[in-house]
Amino acid sequence: MHDIRAIRENPAALDAALSRRGDAPVSAAVLELDAARRGKISAAEAAQAEQNAASKQVGAAKAKGDEAEFERLRALVGEKKAEVAAMQAEAKELDAQLTDMLARIPNTPADDVPDGADENDNVEVNRWGDIPAFDFTPKEHYEIEGVAAAMDFDTAAKISGSRFVLLSGAVARIHRALAQFMINTHVDENGLTEVNPPVLVKDDAMYGTDKLPKFGEDSYRTEEGMWLVPTSEVPLTYIVADHVLEESYLPRRYTAHTLCFRSEAGSAGRDTAGMLRQHQFEKVEMVSITHPDESDAEQKRMLRCAEGILEALGIPYRTVILCTGDMGFGARRTYDIEAWVPGQNTYREISSVSTTGDFQARRMNARFKPRDGGKPQFLHTLNGSGLAVGRCLIAVLENGQQADGSVVLPEALAPYLGGKTLLAADGTLR
C-alpha cells in the first residue's frame, strides 16, 4: 500500500518509479479520486455543521412560539440530515475505490535495482560451484533410471489432474530429508525460529501480504472462503498484523516448512514435464520482521542463509538481482538464486529473497514503537525461500546422476537417510 500523503506531495515520484517497472502513470487518477473523496468529506462536514446549527435554533423557535420558524427549521434539520447521510455514503464509497486503486499499484523499486524489461536484464552478482562434467548426456530428473519409477505423474494425474506428482520409496525419503536438513540448518545455524503455521488463511492475511486483490486467480480458495497458502510467507508475515511491537523485540526471524498451493494461472504450456512447476509443492520459507534501518542488511543475511543450503549440498548456483521489469508486485528489491540443472543445461530459480520495505506493513498495520519514545513507525518485512524443496530435489538428482542410472547424494543428507549416500539404479538407498 502507498501513502496517499506522499503521493499528494510528490506525484511525479510515484509515476517515475512505476515507469521503471514499465507501468503507466497513475498519480493523476489517484489524486482525482482522492480530491473527490476529500470534497465529499468536506461537504458532509459543512452540512453537518448546518444541521447542528439548525438543531440548536429549533428549540429557540419553539420556546418563542414561532410555529412557522419552528417548522422551517425542523424541515431544514431533516434535509441536512439526509444530505449528510448521502454524502457520507458517497465519501465511504470513494474511499473504498481509492483504497482499492492504491492496493493494485505495485511497490516502488529501490534505487539500486537495475532498470530492465524482463529476466534478460537481470544482473548476476554471485556464482558458486563448478558445473559438473559428464562423460554421458545428463538426463532430466524424471528420466534417471533410479528415479523414474518413484516419480509417478500418471497416477497423480488420475488422482488430482495435471501438475501433480506422486513420490514414493527412496525418492520420497530424499525429498523429506532435504526439507529436514533445510529447516534444521535455519534453526540451528542461522538463528531462525521454527513455526508450524496454518496453510488455510483468511482474506485479510492474503490482502496484508499483497496477494489480494490483484492476484486472487493465482491461488486456490475454498467454498468456505479460506485460501490455501501460495507460500508460508503469508501466515508468517501476518503474525505481526495490527501489532505495535517494542523496538527491542526486533528483528523477528521465522522459518517454516509447509505445503504450498498455486494455480499457475497464465503458465499454460510452461515447464509441463517433470516436477519443476506444480500446483502443490513444499517449501521452507524464511520471513524477517525488522527495523527500517536494518532491512537492507537483513536481506543480504537471508540471501546468505539460502545460498548456504546449496553450498552445503554441493549444488552449483548463481545469484542475480532482478531488474525492475522482472520483480514481483510487492517487492522493493529481489535476489533470485538459480541452481544448475544439468538435464536442461541451464540455471533454474530455486529461491527468491525479497524486501518489501513497509509495503506489506502498511497493508496490515504492523508498526513498532521506537526506543526513544517517538511516534510508532511501520515495520519492514522480508521473505525468501530457503529453499523450494521440490526444485532442490531436482538439482540434487540431476547433479548427482551417474552413467549407470544411480545418483550420488550429498553427504549433508546422510544423517537423514540412515547414513546412506547413494540412490541405486534399482531405486533403493545404499
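Going by the structure above, here's the rest.
Residues numbered from 1 in each chain as written. Predicted model: local features only at pLDDT ≥ 70, side-chain atom pairs only at ≥ 80, totals over all residues. Heavy atoms only, no water.

Visitor: Please clarify how the layout of surface pockets should be interpreted in this entry.
Guide: Once rolled over the atoms, a probe with the size of a water molecule shows which space is left empty. What the second largest pocket holds in volume is close to 340 Å³. Surrounding the second largest pocket, 17 residues form its lining, His2, Asp3, Ala6, Asn107 and Thr108 being those nearest its centre. Those elements giving two or more residues to the lining of the second largest pocket turn out to be helix H1 (4-9), helix H2 (11-21) and helix H11 (359-364). By residue class, the composition of the lining of the second largest pocket is six nonpolar, seven polar and four charged. (1 Å grid on protein atoms, 1.4 Å probe; cavity = no way out; pocket = protein on both sides within 12 Å on 5 of 7 lines; lining within 4 Å. Points joined across faces, edges and corners; volume = space filled by probe spheres on them. Helix = DSSP H or I, 4+ residues; strand = E, 2+ residues; numbered from the N terminus. Nonpolar A, V, L, I, M, F, W, Y, C, P; charged D, E, K, R; others polar.)

Visitor: Explanation requested: the sheet that holds strand S12 (residues 333-341) in the structure shown.
Guide: Read across the sheet, eight strands follow the order S1-S11-S12-S13-S16-S10-S9-S4 without closing on themselves; strand pairing throughout is mixed. The open sheet has two free edges, formed respectively by strand S1 (123-128) and strand S4 (193-194), since each of these has just one partner strand. Relative to strand S10 (residues 280-290), strand S9 (residues 252-261) runs antiparallel, the two being bridged by ten bridges. Its bridge partner being in S10, Leu259 is matched across the sheet by Glu282. Contacts between helix H10 (residues 295-313) and the sheet are confined to S1, S9, S10, strand S11 (317-321), S12, strand S13 (346-355) and strand S16 (380-388), with S16 contributing the most and set at about 5 degrees to the helix. (Pairing = 2+ DSSP bridges. Contact = heavy atoms within 4.5 Å. Axes fitted to C-alpha atoms, helices over the stretch in contact; angles between N-to-C directions.)

Visitor: Where do I start with the pairing of S13 in this structure?
Guide: In the case of a regular strand, side chains alternate between the two sheet surfaces. Burial analysis of S13 places eight of its ten residues in the buried class, which makes it a mostly covered element. Counting the residues in the hairpin turn of S12 and S13 gives four residues, including Asn345, whose phi is positive at 55 degrees. Inspection of the sheet shows S13 paired to S16 by three bridges, in the antiparallel sense. Across the sheet, residue Val353 finds its bridge partner in S16, namely Gly384. (Buried < 20%, exposed > 50% of the residue type's maximum accessible area, 1.4 Å probe, protein only.)

Visitor: Help me understand the environment of Met364, please; the structure alone is not making it clear to me.
Guide: With respect to the helices, strands and loops of the structure, Met364 is situated in helix H11. Overall, Met364 belongs to the buried group, its relative accessible area being 2%. For the pair formed by Met364 and Ala103, sequence separation is 261 residues and the distance between their alpha carbons is 12 Å. Those residues in contact with Met364, other than ones at most four positions away along the chain, are Gly208, Thr237, Tyr238, Val240, Ala241, Asp242 and Thr381.

Visitor: Quick question: what am I supposed to make of the pattern of salt bridges here?
Guide: Where charged atoms from two side chains of opposite charge come close, those side chains can pair. Considering all chains together, one arrives at 27 salt bridges under this definition. Of the charged contacts in the structure, one is a salt bridge between Glu124 and Arg127, with a shortest N-O distance of 2.7 Å. Since its relative accessible area comes to 34%, Glu124 is described here as partly exposed. Residue class for Arg127 comes out partly exposed when judged on its relative accessible area of 47%. Salt bridges linked by common partners bring Arg8, Asp34, Arg37, Arg38 and Asp95 together as one network. (Salt bridge = Lys/Arg side-chain N within 4 Å of Asp/Glu carboxyl O.)

Visitor: I'm lost on the sheet that holds strand S7 (residues 227-228) in this one. Help?
Guide: In a beta sheet, neighbouring strands pair by backbone hydrogen bonds and run either parallel or antiparallel. With antiparallel pairing, three strands are arranged side by side in an open sheet as S5-S7-S6. Unpaired on one side and paired on the other, strand S5 (200-201) and strand S6 (220-221) mark the two borders of the sheet. Here two bridges tie S6 to S7, and the two strands are oriented antiparallel to one another. Looking at S7, one finds that Tyr220 is bridged to Leu228.

Visitor: Please explain the packing of helix H7 (residues 169-188) against helix H12 (residues 389-400) as it appears in this structure.
Guide: Think of two packed helices as two axes; the pair is described by the angle between the axes and how far apart they sit. Close contact between H7 and H12 brings their axes to 10 Å; oriented N to C, the two are set at 115 degrees. Like other packed secondary-structure pairs, H7 and H12 cross with a definite hand, here right-handed. For the pair H7 and H12, the contacting residues are Val171, Ile174, His175, Leu178, Ala179 and Met182 in the first and Val389, Gly390, Cys392, Leu393 and Val396 in the second. A per-class count over the contact of H7 with H12 returns nine nonpolar, two polar and no charged. (Left-handed = near helix turned anticlockwise from the far one by under 90°.)

Visitor: Honestly, the nonpolar core in this entry has me stumped. Any pointers?
Guide: Side chains of a nonpolar character, in soluble globular proteins, are inclined to be buried together. Ranked by size, the top nonpolar core spans 49 residues in total, and within it Ile174, Leu178, Leu313 and Leu423 carry the most contacts. Listing elements by their share of this core, those giving two or more residues are H7, S10, H10, S11, S12, S13, S16 and H12. Among the nonpolar cores identified, the runner-up in size contains 14 residues, and Leu236, Val240, Tyr254 and Leu379 belong to it. (Core = buried A, V, L, I, M, F, W, Y, C linked by side-chain atoms within 4.5 Å.)

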